Amino acid sequence: MQLEQATKKAHALRQLITQYNYQYYVLDAPSIMDHEYDQLMRKLIEIETEFPEIINSNSPTQRLGVSPVTKLQEVKHLLPMLSLANVFNEDEMHSFDTRIKEELCVETIDFSGETKLDGLAVNILYKNGLLITAATRGDGSLGEDITHNIRTIQEVPLSLIGENIPQSLEVRGEVVMTHKGFATLNNTQRDKGGKVFANPRNAAAGSLRQLDSRVTAERPLSFFAFGIGDYNGNINLTNHTNILRQLKLWGLPVSSESKRLSNIHECLSYYAKIKTMRSRLPHDIDGVVFKVNEISQQHQLGFVSRAPRWAIAYKFPPLEKITQLLGIEIQVGRTGALTPVARLSPVKVAGVLITNATLHNFDEIKRKDIKIGDWVYVRRAGDVIPEIVGVIKEKRSDVSEFIMPSFCPACGADVVCQDGEVVYRCIGGLICSAQRTQAIIHFASRKAMNIDGLGSKLIVQLNELGLINTVADLYLLSQEQLSGLDRMGIKSAENLITALEKSKKTTLERFLYAMGIREVGEATALTIAAKYQSITSIEQATTKELKTIPDIGPITAFNINHFFQQKYNLEIIQSLILAGVYWETKSDATSLPFCDMVFVLTGSLSIMPRDEAKQRLLMLGGKVTEKVSKKINYVIYGQNPGSKYERAIELGIKTLNEESFMKMIEKKVEP
Ligand code: 9MJ
């Protein structure tokens, strides 16, 4: 290829890639498959490697810096970056509305409402459509230069698209980290002994202040534009809604929740709506921002002490509060695992009174250096169990160390911690009433035997009264016994008997899951049930044989085999069957449509979780494995399929995208 041709080709590829990035990140509507996108990138890299002189810093191949910066330099914002004044209740919102109406001498005001992202505000300067610098807010006038890190965020365009691109444009927005990204990051950090972050905001801030952009590139950061600063171009932006629309047209991601609101009542309804959505959003928000929509009115109102008078943040109650740790109690689980639970001085977090928080395990107490009597930050995000985020060391006085007991608090049996495990366990097994109770709670749960109306309180009561010792005793309970219990009338007793009766008809996989074997979740139970088809065959399976099943590791295989070696467990199974528990035997495996066919799943599936896809294939007689070899019948690929997909092409194995896969499992025939 000649230089001229290479330049043209590279330019066309860059434009295509920018366009596909835009469709993916901004419009959330990808129009090509990930591997096709990867091919375009690869082609561009090839050309740029052959003709390095045509590389420019805004090429999509150039997101990563060559070497770390030595220090974050200062950057002056062209127009100061303002912060927002806050309100915390409806009265304050009404005062804000009244104040600006009076000031503007108008009867009604048009607002723009948007979520208040809880991340880090940044300012990105584009000149003639190219990203030049990016900086933190700093003191509002001077920020820190984080251009090298902002460039690693895929959804931030390195060059703008569309029409009427200003000669100079400051884009204002927030960098956030999703809850999922935050959890993954902290797990990785924990595994490699690195810094664990207290919340997604701190993680985003820490990531943006890295000197080495290769570290930032590994961090799951997102960006949303919420406004502009200085701009210079021949486009007249007259209201905030137009600005957001225009930013999106220029290729910048904008929150999809923003809405034009015509009065204070609509603002209050918007606040209420966003508040109910809060826990379902992928990232933290700490309130809602209302902005006077008309730019001319914004100018008229101006600003005071670095905060615009035309905007307000209506904050949500915080997700984190400070309280005192009164004690640490131990809960014994179904498998004997001892979980420390924090007893807290009651505190209202995001509208809910919190008295307990999970401490996960002993290691977590050590790692977070938590002592009884400490003042701690408690966080409650969405439906997540409240947890202790950290300790306020400065407030520490008169504290005591938590010591893991050597004996089970429920049954007095020894507590052991096996080498390499973080979990301490009671070795009491079924003599431990706590383990027994938890095992019965698990047996009755929805995904197991699904015994409607048999909750944990009732099970504890039945256990304490000596009415049930094993799960099989549940089916021996009489209506008279039940109606004599606390908060149980004749009608509820009758309902429970009916529910118990109904639960007898089950499936092999549910039954197996209900046994509560360590490491055997629903997916594993299904795999085993699909493979063996009968409880007798499972009982006879050796550890060696179980290990050969895809996704069953040596520990799970040992646990399954060990469980069925126990005479006591076999007796319980026998009693359950005698009590009338049954399931229909599936048809012979050889008659299933995909019998003996082997599948590999690769890439992220968007139609259904990978576990489910796997289960569906197993149910139809197929096998699912990890490695691509000549023995594989189909490779099913989702987004970012990577090397397994490439290997399949190399070996000439048939590949199926998600759509064809769905068709195949629905029709139960090969495509
Ligand atoms: C956040 N944090 O989501 C503003 N913000 O506007 C939104 N912050 C802001 N707007 C002017 N949506 C100053 C700050």
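Everything discussed here concerns the structure shown above.
The shown structure was predicted, so the numbers you read here are calculated from the model rather than taken from an experiment.

A. A look at the pattern of salt bridges. Following the criterion strictly, the structure yields 31 salt bridges and no others. For the salt bridge of Lys101 with Asp97, the shortest nitrogen-to-oxygen distance reads 3.0 Å. With Lys101 and Asp97 both in helix α3 (residues 90–104) and four residues apart, the pair spans about one turn of that helix. Taking relative accessible area as the criterion, Asp97 reaches 5% and is therefore assigned buried. Glu494 is the partner of Lys491 in a salt bridge, and the nearest nitrogen-oxygen pair spans 3.5 Å.

B. Region of interest: the environment of Ser345. Mapping Ser345 onto the fold places it in strand β15 (residues 338–349). Residues Ser345 and Phe564, 219 residues apart in the sequence, show an inter-C-alpha distance of 45 Å. With residues up to four places along the chain from it excluded, the contact list for Ser345 reads Thr323, Gln324, Leu326 and Ile354.

C. Representation of the sheet that holds strand β4 (residues 120–127) within the structure. Pairing in this open sheet of four strands is antiparallel, and the strands run β5-β4-β7-β8 from one edge to the other. In this open sheet, the two strands that pair with only one neighbour each are β5 (130–136) and β8 (221–232). Within the sheet, the average angular offset between the axes of one strand and its neighbour, ignoring direction, is 25°. The sheet strands contacting helix α6 (residues 200–208) are β4, β7 (168–177) and β8, and the helix crosses β7 at an angle near 130°.

D. Highlighting the environment of Glu155. Locating Glu155 in the fold gives a position in the loop between α4 (147–150) and β7. As for Glu155 and Gly113, which are separated by 42 residues in sequence, their C-alpha atoms are 23 Å apart. Here Glu155 is in contact with Tyr25, Leu221, Ser222, Phe223 and Pro253, once residues within four sequence places are set aside. Separated by 3.3 Å, the side chain of Glu155 and the backbone nitrogen of Phe223 make a polar contact.

E. Local environment of the packing of aromatic side chains. Applying the stated criterion across every chain yields a total of 13 aromatic pairs. Geometrically, the ring pair formed by Phe443 and Tyr475 is edge-to-face, given 6.4 Å between the ring centres and 80° between the ring planes. Here Phe443 is found in helix α12 (residues 433–444), whereas its partner Tyr475 is found in the loop between α13 (456–464) and α14 (479–483), with 32 residues between them in sequence. Accessibility expressed as a relative area gives 11% for Tyr475, which makes it buried. Between Phe563 and Phe564, the aromatic rings sit 5.1 Å apart at their centres with planes inclined by 80°, giving edge-to-face as the arrangement. Just as Phe563 is buried, Phe564 falls in that class too. Aromatic ring contacts, followed pair by pair, group Tyr271, Tyr314 and Phe316 into a single cluster. Of note, Lys395 hangs over the ring of Trp375, and the distance from its end group to the ring centre comes to 4.3 Å. A cation sits over an aromatic face here: Lys531 above Tyr532, 6.0 Å from the ring centre.

Analysis parameters
- Residues numbered from 1 in each chain as written.
- Predicted model: local features only at pLDDT ≥ 70, side-chain atom pairs only at ≥ 80, totals over all residues.
- Heavy atoms only, no water.
- Salt bridge = Lys/Arg side-chain N within 4 Å of Asp/Glu carboxyl O.
- Helix = DSSP H or I, 4+ residues; strand = E, 2+ residues; numbered from the N terminus.
- Buried < 20%, exposed > 50% of the residue type's maximum accessible area, 1.4 Å probe, protein only.
- Contact = heavy atoms within 4.5 Å.
- Pairing = 2+ DSSP bridges.
- Axes fitted to C-alpha atoms, helices over the stretch in contact; angles between N-to-C directions.
- Polar contact = N/O pair within 3.5 Å; in protein donor to acceptor, adjacent residues only side chain to side chain.
- Phe/Tyr/Trp six-rings, centres within 6.5 Å; stacked < 30°, edge-to-face > 60°.
- Lys NZ or Arg CZ within 6 Å of the ring centre and 35° of its normal.

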